[in-house]
Amino acid sequence: MRGPGNGKPRECASYANRFVDNRLVSDHWNGKTKEWQLEPPGQLNAGEAGCAIPAGEQRVHVSGNTKG
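Visitor: Give a description of the overall build of the protein chain that names residues and reports values.
Guide: Scanning the protein chain from N- to C-terminus turns up 0 helices and 4 strands. Ordered by position in the sequence, the α and β elements of the protein chain form the string β-β-β-β. For the protein chain, contacts bridging at least 24 residues in sequence account for 60% of all contacts bridging at least 6. When the accessible surface of the protein chain is totalled, it reaches about 5200 Å², and 49% of it is carbon and sulfur.

Listed below in structure tokens is the structure:
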């Protein structure tokens, strides 16, 4: 799929990712450990026009992670 008007490949957000049962030990965000960060932001944000996330799906399923 090509991006609108620039001829470069379109980049759509992935979905149905799993981030489960991890031990988080990093301090990259001002001393606060984050589980995850979406770019572009938003569980249902598919990206540019023409991108879509199927109904009932979200980008990341998170559970069972611990800090420290």
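Visitor: Break down the side chain of Arg59 for me, citing the residues and quoting the values.
Guide: Take Arg59: it is sitting in the loop between strand 2 (23-24) and strand 3 (60-63). Relative accessible area serves as the criterion here: at 5%, Arg59 is assigned to the buried category. Here the side chain of Arg59 touches Pro40 through a polar contact of 2.4 Å, landing on its backbone oxygen.

Cut-offs used in this document
- Residues numbered from 1 in each chain as written.
- Predicted model: local features only at pLDDT ≥ 70, side-chain atom pairs only at ≥ 80, totals over all residues.
- Heavy atoms only, no water.
- Helix = DSSP H or I, 4+ residues; strand = E, 2+ residues; numbered from the N terminus.
- Contact = heavy atoms within 4.5 Å.
- Areas by Shrake-Rupley, 256 points an atom, 1.4 Å probe, with all protein chains shown as cover.
- Buried < 20%, exposed > 50% of the residue type's maximum accessible area, 1.4 Å probe, protein only.
- Polar contact = N/O pair within 3.5 Å; in protein donor to acceptor, adjacent residues only side chain to side chain.

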